[in-house]
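# Examination of the molecular architecture
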Amino acid sequence: RMRAVIFDLDGTLADTLGDIAASANHALAEAGRPTIAVERYRYLAGQGVDALIRGALGEADEVLVARVKGAYLAHYEAHKYDRTGAFAGVPELLDALVGRGVRLGVLSNKPDGPTKRMVGELFSRWR
């Protein structure tokens, strides 16, 4: 019998790709760099924000990386729920698990505070 399930947040419970891509492309454009296709972010987003920014920039010095990262974080903070929501079927899955007495958890490479805020915003119905 399953007693607990631990989920990843971004790309598993929550479809966050659109807001991540929009914020990264906004930051790239602010720095005068070309934007990249949303689908490419699917492969850049899984390793944390530093890897995301470095991957989106390609070759860049540390000053540019820091500037683009700051612009990304500011834009993402203001726009992280513009497109983000639970994937289709996730609420029903969580209901079914809770109905069977399964405990739920989330483990993310996002920092703890933003993870808790996003879980609270999108999944407050489930403990």
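This report concerns the structure included in the present document.

So, how was this worked out
Residues numbered from 1 in each chain as written. Predicted model: local features only at pLDDT ≥ 70, side-chain atom pairs only at ≥ 80, totals over all residues. Heavy atoms only, no water. 1 Å grid on protein atoms, 1.4 Å probe; cavity = no way out; pocket = protein on both sides within 12 Å on 5 of 7 lines; lining within 4 Å. Points joined across faces, edges and corners; volume = space filled by probe spheres on them. Helix = DSSP H or I, 4+ residues; strand = E, 2+ residues; numbered from the N terminus. Core = buried A, V, L, I, M, F, W, Y, C linked by side-chain atoms within 4.5 Å. Buried < 20%, exposed > 50% of the residue type's maximum accessible area, 1.4 Å probe, protein only. Contact = heavy atoms within 4.5 Å. Axes fitted to C-alpha atoms, helices over the stretch in contact; angles between N-to-C directions. Parallel < 35°, antiparallel > 145°, perpendicular 65-115°, else oblique. Left-handed = near helix turned anticlockwise from the far one by under 90°. Nonpolar A, V, L, I, M, F, W, Y, C, P; charged D, E, K, R; others polar. Pairing = 2+ DSSP bridges. Polar contact = N/O pair within 3.5 Å; in protein donor to acceptor, adjacent residues only side chain to side chain.

### Brief notes about the layout of surface pockets
Roughly 590 Å³ of volume is contained in the largest pocket. Contributing to the lining of the largest pocket are 26 residues, with Asp10, Ile20, Tyr72, Asn109 and Lys110 lying nearest its centre. If you list the elements that add at least two residues to the lining of the largest pocket, you get strand 2 (14–15), helix 1 (17–30), helix 3 (49–57), helix 4 (62–79) and helix 6 (112–123). Per element, the largest residue contribution to the lining of the largest pocket is four residues, and it comes from helix 4.

### Observations regarding the nonpolar core
With 32 residues, the main nonpolar core has Tyr41, Val68, Tyr72 and Phe123 as its most contacted residues. Elements that contribute at least two residues to this core include exactly strand 1 (4–7), helix 1, helix 2 (38–44), helix 3, helix 4, helix 5 (90–99) and helix 6. Setting aside residues up to four positions removed in sequence, Phe123 forms contacts with Leu9, Leu13, Ala14, Ala86, Val90, Leu94 and Met118.

### What about the packing of helix 1 against helix 4?
The contact between helix 1 and helix 4 brings their axes to 8 Å, and the two run at 140 degrees. One finds that helix 1 runs oblique with respect to helix 4. The element helix 1 and its partner helix 4 pack so that their crossing is right-handed. Taken together, the residues of helix 4 that come into contact with helix 1 (itself represented by Asp19, Ile20, Ala22, Ser23, Ala24, His26, Ala27, Leu28 and Glu30) are Val68, Ala71, Tyr72, His75, Tyr76 and His79. Broken down by class, the residue content of the contact of helix 1 with helix 4 amounts to nine nonpolar, four polar and two charged.

### Observations regarding the pairing of strand 1
Burial along strand 1 is one-sided: Val5 and Phe7 are buried, and none of Ala4 and Ile6, which face the opposite way, are. Pairing geometry for strand 1 and strand 4 (residues 103–106), over four bridges, is parallel. Residue pairing for strand 4: Ala4 is matched across the bridge by Arg103.

### Some remarks on the side chain of Lys110
Examined against the element boundaries, Lys110 turns out to sit in the loop between strand 4 and helix 6. Classification of Lys110 by relative accessible area gives buried; the value is 15%. A distance of 3.2 Å separates the side chain of Lys110 from the side chain of Asp10, its partner in a polar contact. If we ignore the near neighbours within four places in the chain, the residues touching Lys110 are Leu9, Asp10, Tyr76, Thr115 and Met118.

So yeah, pure geometry; function would need other evidence.
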